[in-house]
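# A look at the structure
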Amino acid sequence: MSASALKDLNISQPVDLEKGKDDSMKSCISKPVLNGSKCANKEENAPSACPDVVTNGNEAVIADVEYIDSENLVDLPDVDATLSTLVKRLDSKDWIMTCEALNNVRQLAKYHKERLQELLEPLVPLIVKSVKNPRSAVCKTALMTCADIFKAYGDLMVDSIDPLLVQLFLKASQDKRFVCEAAEAALISMTNWISPSLLLPRMQPYLKNRNPRIRAKASVCFSKSVPRLGVEGIKEYGMDKLIQIAATQLSDQLPESREAARNLALELQVIYEKSQASTSGENEGEPSASPDAESWEAFCQSKLSALSAQAILRVTSTTPKDGVTAGVTSAPKGVAVGC
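Residues numbered from 1 in each chain as written. Predicted model: local features only at pLDDT ≥ 70, side-chain atom pairs only at ≥ 80, totals over all residues. Heavy atoms only, no water.

Among the nonpolar cores identified, the biggest contains 88 residues, and Phe-222 and Ile-312 are the most heavily contacted of them. Examining the composition of this core, we find that twelve residues originate from one element, helix H6 (residues 136-153), more than from any other. Residues within four places of Ile-312 in sequence aside, it is in contact with Ile-243, Ala-246, Ala-247, Leu-250, Ala-265, Trp-296, Cys-300 and Leu-304. (Core = buried A, V, L, I, M, F, W, Y, C linked by side-chain atoms within 4.5 Å. Buried < 20%, exposed > 50% of the residue type's maximum accessible area, 1.4 Å probe, protein only. Helix = DSSP H or I, 4+ residues; strand = E, 2+ residues; numbered from the N terminus. Contact = heavy atoms within 4.5 Å.)

Okay, the packing of helix H5 (residues 120-131) against helix H7 (residues 162-171) next. Where H5 contacts H7, the axes come no closer than 10 Å and their chain directions differ by 20 degrees. One element, H5, and the other, H7, form an angle in the roughly parallel class. The way H5 lies across H7 gives a crossing that is left-handed. Contacts between H5 and H7 involve Val-124, Val-128 and Val-131 from the former and Pro-163, Leu-164, Gln-167 and Lys-171 from the latter. For the contact of H5 with H7, a count of residues per class yields five nonpolar, one polar and one charged. (Axes fitted to C-alpha atoms, helices over the stretch in contact; angles between N-to-C directions. Parallel < 35°, antiparallel > 145°, perpendicular 65-115°, else oblique. Left-handed = near helix turned anticlockwise from the far one by under 90°. Nonpolar A, V, L, I, M, F, W, Y, C, P; charged D, E, K, R; others polar.)

Before going further, it helps to examine the packing of aromatic side chains. Applying the stated criterion across every chain yields a total of four aromatic pairs. Here Phe-169 and Tyr-206 contribute two aromatic rings whose centre-to-centre distance is 5.6 Å and whose plane-to-plane angle is 65 degrees, an arrangement assigned as edge-to-face. One end of the pair, Phe-169, is in helix H7; the other, Tyr-206, is in the loop between helix H9 (196-203) and helix H10 (212-225), with 37 residues separating them in the sequence. With relative accessibility at 15%, the residue Tyr-206 sits in the buried group. Ring centres 5.6 Å apart and planes at 55 degrees place the aromatic pair Tyr-272 and Trp-296 in the tilted group. Note that Tyr-272 is positioned in helix H13 (residues 255-284) and Trp-296 in helix H14 (residues 296-303), a separation of 24 residues in sequence. The exposure classification of Tyr-272 matches that of Trp-296, with both residues buried. Taken together, the ring pairs connect Tyr-272, Trp-296 and Phe-299 into an aromatic cluster. (Phe/Tyr/Trp six-rings, centres within 6.5 Å; stacked < 30°, edge-to-face > 60°.)

The next thing to look at is H6. Because an α-helix packs 3.6 residues into every turn, residues spaced three or four apart end up facing the same way. A rise of 1.5 Å per residue sets the reference length of H6, with its 18 residues, at 26 Å; its end C-alpha atoms lie 26 Å apart and thus fit the reference within 8%. In terms of burial, H6 is a largely internal element, 17 of the 18 residues being buried. Of the residues trailing H6, Gly-154 is marked for its positive phi of about 50 degrees. (Expected span 1.5 Å × (residues − 1).)

The next point concerns the packing of helix H2 (residues 79-90) against helix H3 (residues 95-111). Packing of H2 against H3 leaves a shortest axis separation of 9 Å and a crossing angle of 130 degrees. By the angle between their directions, the pair H2 and H3 is classed as oblique. Taken as a pair, H2 and H3 cross one another with a handedness that is left-handed. The residues of H3 that touch H2, namely those facing Val-79, Thr-82, Leu-83, Leu-86, Arg-89 and Leu-90, are Met-97, Thr-98, Glu-100, Ala-101, Leu-102, Asn-104, Val-105 and Leu-108. A class-by-class count of the residues in the contact of H2 with H3 yields nine nonpolar, three polar and two charged.

Here we take up the pattern of salt bridges. Applying the stated criterion to the full structure yields eleven salt bridges. Across the salt bridge formed by Lys-217 and Glu-256, the nearest N and O atoms sit 3.1 Å from each other. Here Glu-256 lies in helix H13 and Lys-217 lies in helix H10, a separation of 39 residues in the sequence. Assessed through its relative accessible area of 7%, Lys-217 is described here as buried. (Salt bridge = Lys/Arg side-chain N within 4 Å of Asp/Glu carboxyl O.)

What follows is the structure, given as structure tokens:
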């Protein structure tokens, strides 16, 4: 073979390989596969490298994942069959099967929560595993599952919530917006459906977590949950303990934590002053403060260090309190408080 022919052959081979690669990618992009029956929401920002790929014969195709809103979930045709394979499917290496199983958990929580309750203990670690899954579709579906089981089981989730909390705080601070939004929704559901008296002690350790993003999300959820205790609940939990938490978070490095601490301090001031006025009114038959009533300033100075008291008083004396008094009474279940 001549030198010229060899040169032409060497040039043509890479070109053919590139063409084959391009055709493969076009096939990957152009033939989506729907997962499930009715699609409510589909993720449009799919990575260009086509990671969510399944093989169908000799062709590679993208699996299109459904994100079904809670109100659009329908009942299962065969509950017994679904329950019998649920744990196995949640632990499957097939990510599509895992997503389908997570949606089954959501359906069961909505329509058959008594039946599902028997499996909660083995299910929660598998849901946590899915939340940690690097594949965004699995992670988001698992976060939606968290929101639904918080709503279905409320206080029954307290004993199982510890492994979920850190993951929810982490995912809520992610850069991927659609994952972050699902985590935020799960945190709102958690703070809305689990009693604050049970939830606050579980969240409190995360206020000192080494990860500043975890601290920030924990601070926001904590400050949003405190008003739901109501006046008597706050007294029982400890006004002094809560003002110390607010003072600590005021010096946090992230603005989100500091803003949550300011909101908490304002809530506590309003509740404290109303409580003092109410007590003096009961004793003297009128709502005016008695001479023996301890002022907010004196209370802060007696419970905090000089620097911490100064920081709290600076916030509560300069920040408008309009709208803060809404937190004095406990918010009813079913009204989102937000995180």
